[in-house]
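Observations on chain architecture
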Amino acid sequence: LLMKNFKQFLVLFVSALSVGFVSIVFVIRWVLYFKEGLAWDGGLAEFNWHPLLIVIGFIFLQGIAIIVYRLPWTWKCSKLTMKCIHAGLNILAFILVVVSLVAVFDFHNAQNIPNMYSLHSWVGLAAVILYALQLVLGLAVYLVPATPGFVRAALMPVHVYSGLFIFSSVIATALMGITEKLIFGLKDPKYKDSPPEAVFVNVLGVLLSIFGGLILWIATRPDWKRPSDNQLRLAHSDDLTPAPGANGSTAMTTSAGDPTGQEGGGEARRRGGGKAEDTAARISI
Ligand code: HEM
Ligand code: HEM
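The following refers to the structure shown. (Residues numbered from 1 in each chain as written. Chains lettered and ligands numbered in written order. Predicted model: local features only at pLDDT ≥ 70, side-chain atom pairs only at ≥ 80, totals over all residues. Heavy atoms only, no water.)

What follows covers the coordination of the iron atom of ligand 1. With distances of 2.0 Å, the protein atoms coordinating the iron atom of ligand 1 are H50 (NE2) and H120 (NE2). Around the iron atom of ligand 1, the six donor atoms are arranged such that angles at the metal cover 87 to 179°; this shape is classified as octahedral. Of this pair, H50 sits in helix α3 (residues 49-67) while H120 is found in helix α5 (residues 119-143), placing the two residues 70 residues apart along the sequence. Looking at H50, the relative accessible area reads 12%, which means it is buried. H120 sits in the buried class, given a relative accessible area of 15%. (Donors = N, O, S within 2.8 Å, 3.2 Å for Na, K, Ca; no water. Tetrahedral: all angles 85-135°; square planar, octahedral: opposite > 155°, others 65-115°. Helix = DSSP H or I, 4+ residues; strand = E, 2+ residues; numbered from the N terminus. Buried < 20%, exposed > 50% of the residue type's maximum accessible area, 1.4 Å probe, protein only.)

Structure, rendered in structure tokens:
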């Protein structure tokens, strides 16, 4: 199907994917090469699960989940399929986030470091709680078949806004966490002396900001929104319908005058599509 400015979309999508992958490589190199590695021992190697799982889950997977409806090659998939992918990616991200919080709380308790004293931890925990709420509400409103259409439609602007708000808060929280960790962790030389680790991890923070910026841009272009089932149906029948006035027929009676000479195929496609549309109409929001 057609998308306006498809090339521009593709460039931004590939950039987001690349910046996301590089961020994951950076955080892995940080914890394995500059830091203590990974373990579950109550020490610093256990803390390291915290940034790693946050970057993979809360930033990368959530970012992809947010724009997954906008990939034009998925527009032929049913809305239900795409909802399951969108929800599934967000659930996977949430599981990784929970493990990452267990790691940092467990580390603090083992080391007798106080809990929840920093702005980072306040904004971060708030984002996690709102994310859990968004997840449960999303499932109840958009996946439970009994939820009436007007409820789905009324809550959609809230769902989109809160999703983008939570995602932005997560990027901000990550930047605060990175800054704290560099100040706490670099002793000799210190952060202000710009050792290689400081420069490397500053770059990670810049990459995370760019990733966030790309996802927010892609997710807010009106032209790139997944078309409604109604729009998809119209686009589909345009393919099969002669230009208006070509032979006086309407969309309902085109098979006799189909200029593509593929009446059989066209009919079958239209009928096949009809069943999907009946289903889609019920779950279209
Ligand atoms: C601590 C959440 C990302 C570094 C914490 C705590 C929470 C939290 C709730 C408090 C743990 C406690 O009180 O025992 C989050 C969330 C993130 C995130 C939701 C999502 C973006 C990061 C990143 C780093 C980081 C990317 C980078 C290393 C730290 C550090 C602490 C910490 C150093 C211990 C000091 C403190 O409590 O502020 N995080 N974090 N965080 N986090 Fe994060
Ligand atoms: C759309 C975020 C969970 C159903 C969106 C959008 C965002 C978002 C930002 C706008 C996407 C766009 O305009 O292309 C989130 C976040 C979630 C979450 C952060 C998890 C915490 C869910 C769940 C469902 C769901 C569990 C249940 C199926 C939908 C639907 C749309 C949507 C139906 C509309 C897609 C369209 O434009 O056609 N979500 N969402 N979301 N979300 Fe979620």
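Time to look at unusual backbone geometry. The residue after D188, namely P189, is reached through a cis peptide bond having omega 5°. In this fold, P189 is placed in the loop between α6 (149-185) and α7 (196-220). Of note, N112 is a non-glycine position whose phi angle comes to about 55°, a positive value. Its location among the elements puts N112 in the loop between α4 (79-110) and α5. Of the residues examined, N112 reaches a relative accessible area of 72% and is grouped as exposed. The backbone of S194 shows a phi angle near 50°, a positive value even though the residue is not glycine. Note that S194 resides in the loop between α6 and α7. For S194, a relative accessible area of 48% translates into the label partly exposed.

Function cannot be inferred from these measures alone, as they are strictly geometric.
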